[in-house]
Amino acid sequence: MTKTEKPPADFLETMRKRVDRAWEIEQDNIKNAYDDLDFAAGNQWPAELRATREKENRPCLTINQVLTFCRQITGDMRQSRPAIKVYGVDDKADKKTAETFNEVIRYIENRSDAKEVYFRGIDTQVLAGIGHIRLVTERRAPGSDEQEIRILPVDDGVSVLWDPDAVLPGKSDASWCFVPVDYEYDTLKDRYPDADISGFSTLEEMTRNYADVSAYWSASDKVRIGEYFVVDPGKKGETPVVNRYVVSEREVLEGPDVVPGGRIPV
């Protein structure tokens, strides 16, 4: 990734407003997605009823049939072995060029163990209605200027927040995306020793407590920062530029860095 200029003074304020707006719109979907994952994990008794039965020393048996039906869907997807495929679409394309691209993509998928990444996203999509994967670039070797692409899962794909004005199913028209990342406080302090990293909460905790959006950055034992991708569309006819930042509520911890490709890699 290539360094660019520092963000403007109102950058963090704009970021917070965007995150708050997206959360207000998506909080019901996110809460329901977490509930679905809990239910699929076997937590299927209402909390009050479970507490009453346990107090009376009565059993709370769970016969979990959800995964059986979900695996009928995900199993078919696994059998189809999802992969990226390149085809020529104009008179300048030829089979040899397309196959060259396919070989490069197969190399990227193999080094990324991409099928497991795809399956992880598929499982979450089927169980909770939301699934994400992502692309990153990394140096081929320490000190090398050559970079390679890697396909990775998103640790908490349920709570990824997108530009609410994006209308396409894959969000390719989004102008920004926020990918939450959780760290233990000490780990984060070691990584960013000079940063102000107090006052965060995980999105999951806030969701379960039905907290107001203003509590998004409240205190917690874990610290939630985020990768924040912003698209600069440029002038008419220019290729869009995607900048990546690592942000807390109060600071830009990393970036901006230019992401190759002109699209948000999520």
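These numbers were taken from a predicted model, which means no experiment stands behind them.

Draft legend 1. Broad picture of the overall build of the chain. Looking only at helices and strands, one finds seven helices and eight strands in the chain. Considering the chain as a whole, with its 266 residues, one finds that 34% of them fall into the buried category. Counting only carbon and sulfur atoms, one obtains 50% of the accessible surface of the chain, whose full area is about 16500 Å².

Draft legend 2. Summary view of helix H1 (residues 11–40). In the structure, H1 departs most strongly from a straight axis at Glu26, where the bend amounts to approximately 60°. Taken from the residues just after H1, Gly42 is the one with a positive phi, measuring 105°.

Draft legend 3. Highlighting helix H4 (residues 95–112). Here H4 contains 18 residues, and its C-alpha end-to-end distance of 25 Å stays within 8% of the 26 Å for a straight helix at 1.5 Å per residue. Those residues of H4 that are buried lie in contact with helix H5 (114–128) and strand S3 (147–153).

Draft legend 4. Spatial organisation of the nonpolar core. Core analysis: the largest hydrophobic core is formed by 19 residues, its most contacted members being Phe11, Met15, Leu161, Phe178, Tyr228 and Val247. Residue assignment for this core shows that the elements contributing at least two residues are H1, strand S5 (176–184), strand S6 (222–232) and strand S7 (241–247). Val160, Trp162, Cys177 and Val266 belong to the second-largest nonpolar core, a separate cluster that totals 13 residues.

Draft legend 5. Just the pattern of salt bridges, in detail. This model, assessed by the stated rule, comprises 20 salt bridges. One salt bridge in this structure joins Arg250 and Glu249, with 3.9 Å as the shortest N-O distance. Connected through salt bridges with shared partners, the residues Arg111, Glu138, Arg140, Glu146, Glu148 and Arg150 form a single ionic network.

Draft legend 6. Spotlight on the pairing of S7. Across the seven residues that make up S7, a large majority, six, are buried. In the sheet, S7 pairs with strand S8 (residues 252–259) via five bridges, with the strands oriented antiparallel. When the bridges of S8 are listed, Val247 appears paired with Val252. Between S7 and S8, which follow one another and run antiparallel, lie four residues.

Draft legend 7. Summary view of the packing of aromatic side chains. Taken as a whole, this structure holds four aromatic pairs when the rule is applied. Among the aromatic side chains, those forming a connected cluster through ring pairs are Phe11, Trp176, Tyr228 and Tyr245.

Draft legend 8. Quick peek at the layout of surface pockets. Here the largest pocket is characterised by a volume of approximately 740 Å³. Together, 26 residues line the largest pocket, and Gly170, Arg263, Ile264, Pro265 and Val266 are the ones closest to its centre. If one sorts the elements of the lining of the largest pocket by residue count, strand S2 (residues 133–139) sits on top with five residues. Taken as a whole, the second largest pocket spans an internal volume of roughly 470 Å³. Gly129, Ile130, Gly131, His132 and Trp162 are the residues nearest the centre of the second largest pocket, which is lined by 25 residues in total. Residue assignment for the lining of the second largest pocket shows that the elements contributing at least two residues are H1, H5 and strand S4 (161–162). It is H1 that provides the largest number of residues to the lining of the second largest pocket, a total of six residues.

Draft legend 9. Representation of the environment of Val246 in the model. If you trace the backbone, Val246 turns up in strand S7. Since its relative accessible area comes to 5%, Val246 is described here as buried. Those residues in contact with Val246, other than ones at most four positions away along the chain, are Tyr192, Ile225, Gly226, Glu227, Glu251, Val252, Leu253 and Glu254.

Draft legend 10. Expanded view of the side chain of His132. As for its placement among the helices and strands, His132 is situated in the loop between H5 and S2. Of the polar contacts made by the side chain of His132, one reaches the backbone oxygen of Gly157; its length is 2.9 Å. In terms of polar contacts, His132 uses its side chain to reach the side chain of Trp162, at 3.0 Å. Look past the residues within four positions of His132 in its chain and what remains in contact with it is Gly121, Val154, Gly157, Val160, Trp162 and Val266.

Cut-off values and rules
- Residues numbered from 1 in each chain as written.
- Predicted model: local features only at pLDDT ≥ 70, side-chain atom pairs only at ≥ 80, totals over all residues.
- Heavy atoms only, no water.
- Helix = DSSP H or I, 4+ residues; strand = E, 2+ residues; numbered from the N terminus.
- Buried < 20%, exposed > 50% of the residue type's maximum accessible area, 1.4 Å probe, protein only.
- Areas by Shrake-Rupley, 256 points an atom, 1.4 Å probe, with all protein chains shown as cover.
- Bend = angle between axes of the 7 residues up to and from the residue.
- Expected span 1.5 Å × (residues − 1).
- Contact = heavy atoms within 4.5 Å.
- Core = buried A, V, L, I, M, F, W, Y, C linked by side-chain atoms within 4.5 Å.
- Salt bridge = Lys/Arg side-chain N within 4 Å of Asp/Glu carboxyl O.
- Pairing = 2+ DSSP bridges.
- Phe/Tyr/Trp six-rings, centres within 6.5 Å; stacked < 30°, edge-to-face > 60°.
- 1 Å grid on protein atoms, 1.4 Å probe; cavity = no way out; pocket = protein on both sides within 12 Å on 5 of 7 lines; lining within 4 Å.
- Points joined across faces, edges and corners; volume = space filled by probe spheres on them.
- Polar contact = N/O pair within 3.5 Å; in protein donor to acceptor, adjacent residues only side chain to side chain.

Geometry only, nothing functional implied.
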